[in-house]
Amino acid sequence: MSSSPIAVYVHVPFCPSKCGYCDFNSYAMTGNIHGRTVRAMVAELKSSPHAGRSAKTIFFGGGTPTFLAAEQITLLLKTVIEVHPPIEGAEITSEGNPGTVDWPKFAAMREAGFNRISLGAQSFQSDDLLRLGRVHEASDVARAVGAARSAGFENLNLDLMFALPGQNLRGWNANLDLALALKPDHLSLYCLTIEPNTRFYRHFLRGTLDQPGEDMQVAMYDNAVARMEEAGYPLYEISNFAQPGHQSQHNLCYWRGEEYLGYGPGAVGCVSEKGKRHRTTKMKHPERYCESIESGLNLICEEEWLDEDAVRLERIMLGIRLKEGLPTDKVTLDQTGIATCLKRNWITNENGRLRLTPAGRHFCSEVATHLA
Ligand code: SF4
């Protein structure tokens, strides 16, 4: 088993309510289950077969980690740090919902060791937030950013979504203006995708989801990329933009195909074992997760052994999303596919790296298929 520093992911599966578009492993549960799950997560961490391996990055995602009480989220981080001592300068992030945070919670989190906050703003328009089913209001975003900054967070991301139902280019630009005015260090800009088993999917099937068409989605994305570049947030991944030195170190581990550990309900981990990559998913529902820990039962509900070719395919799919591109000497690529993508002006091939062109960013999956 390797002993090199590794990315550590902690999944907190609770949210105040379920958003209409969400297919993440998240549950609108309150009460004792929070404390019970935190105790189970502490027990999972303390009995980890990887205990002692240092953390390259730590990331609390969800769900809404900041829906936990300050004592609960800080206890979890304290345990992670005991089990996986972070390397010097490690990025330690928590996602947060602007409606579930205040200065005292941020101050406690900063004190515990978190040094990066990622806020799910999504939109600054009340109508959008209502339609999305978000619990926060537009004014909560600026309040949350102010609270995070005054609690000492010098590294802050805002998530925004575009192609929302009823949204037009003007509304999207207004959101970008408001986000930039808050001077985040990093912005993640995602196109709303309609996932099965969501409220939005049912609207989509009924034809009542008024989502902007494909041409408008392309215009919104291209417009955002240009505006981000202009504002000093160059693109470093197809949906991610950062001021120099503020790229998400944790997410870069995923996109570069590195190993990672996952703790908590539904958390996914992927580590090298017996010459292969072993990907595991923990019990997803908090009740099942707690029962498994409390009764000493198997915590893994899904597992997969990835052979070399499967690892190579994932490396291509994820790596081509990065501005740094794919190294042609380290990944085996299809030469005919490279030629096709070059001919279509979807990629460039310079200095030993394949990179998406602005046009190619709209055909990312097709490019990956050609290169594989
Ligand atoms: S806050 Fe995030 S994880 Fe929670 S329901 Fe909404 S989209 Fe899903």
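Keep in mind the model is a prediction, meaning the values are calculated, not measured.

So, about the sheet that holds strand 13 (residues 326-327). Spatially, the three strands line up as an open sheet ordered 13-15-14, and their pairing is antiparallel. Here the strands that pair on one side only, and so sit at the sheet edges, are strand 13 and strand 14 (347-350). Alignment of strand 13 against strand 15 (residues 353-356), held across two bridges, turns out to be antiparallel. Residue pairing across strands places Pro327 opposite Arg353, the latter belonging to strand 15.

Glancing now at the site of the ligand. Contacts to the ligand come from Cys15, Lys18, Cys19, Cys22, Phe24, Ser26, Gly62, Gly63, Thr64, Asn97 and Gly120. Residues that form the shell around the ligand fall into these classes: four nonpolar, six polar and one charged.

Interaxial distance between helix 1 (residues 32-46) and helix 2 (residues 70-83) falls to 9 Å at its minimum, and their mutual angle equals 5°. Judged by the angle between their axes, helix 1 and helix 2 are roughly parallel. Judged by residue contacts, His34, Gly35, Val38, Met41, Val42, Leu45 and Lys46 of helix 1 engage Gln72, Leu75, Leu76, Thr79, Val80 and Val83 from helix 2. A class-by-class count of the residues in the contact of helix 1 with helix 2 yields eight nonpolar, four polar and one charged.

Looking now at the environment of Gly61. Structurally, the position occupied by Gly61 is in strand 2 (residues 55-62). For Gly61, a count of 21 C-beta atoms within 10 Å puts it in the buried group. Sequence spacing of Gly61 and Thr93 is 32 residues, and the spatial spacing of their C-alpha atoms is 8.4 Å.

A separate point is the domain arrangement of the protein. Interface size is commonly expressed as the accessible surface area that is lost when the partners come together. Segmenting the protein into domains produces domain 1 (6-255) and domain 2 (310-371). A C-alpha centroid distance of 28 Å is found between domain 1 and domain 2. Taken together, the contacts link seven residues of domain 1 with eight residues of domain 2. At the level of secondary structure, the elements contributing two or more residues to the side of domain 1 that touches domain 2 comprise strand 7 (235-237) and helix 9 (249-255). No other element matches the three residues that strand 7 contributes to the side of domain 1 that touches domain 2. When grouped by side-chain class, the residues that make up the side of domain 1 that touches domain 2 number six nonpolar, no polar and one charged.

In this section: unusual backbone geometry. For the peptide bond that leads from Gly62 to Gly63, omega is 20°, which places it in the cis range. Mapped onto the secondary structure, Gly63 falls in the loop between strand 2 and helix 2.

Before going further, it helps to examine the environment of Val8. Following the sequence through the fold, Val8 ends up in strand 1 (residues 6-12). C-beta crowding within 10 Å serves as the criterion here: with 31 such atoms nearby, Val8 is assigned to the buried category. Here Val8 is in contact with Ala55, Ile58, Val80, His84 and Leu261, once residues within four sequence places are set aside.

The α-helix advances 3.6 residues per turn, and as a result positions three or four apart in sequence lie on the same side. Restricting attention to buried positions, one finds in helix 10 (residues 286-295) the residues Pro286, Tyr289, Cys290 and Ile293. Buried positions in helix 10, seen along its axis, are confined to an arc of 95° and lie on one side of it. Considering only its buried residues, helix 10 is in contact with helix 1 and strand 11 (276-282). The positive-phi residue at the C-terminal boundary of helix 10 is Gly296, with phi of around 70°.

Parameters at a glance
- Residues numbered from 1 in each chain as written.
- Predicted model: local features only at pLDDT ≥ 70, side-chain atom pairs only at ≥ 80, totals over all residues.
- Pairing = 2+ DSSP bridges.
- Helix = DSSP H or I, 4+ residues; strand = E, 2+ residues; numbered from the N terminus.
- Near = placed C-beta within 6 Å.
- Nonpolar A, V, L, I, M, F, W, Y, C, P; charged D, E, K, R; others polar.
- Axes fitted to C-alpha atoms, helices over the stretch in contact; angles between N-to-C directions.
- Parallel < 35°, antiparallel > 145°, perpendicular 65-115°, else oblique.
- Contact = placed C-beta atoms within 7 Å.
- Buried ≥ 20, exposed ≤ 12 C-beta atoms within 10 Å, placed from the backbone.
- Domains from an automatic or database assignment.
- Arc of directions from axis to C-beta.

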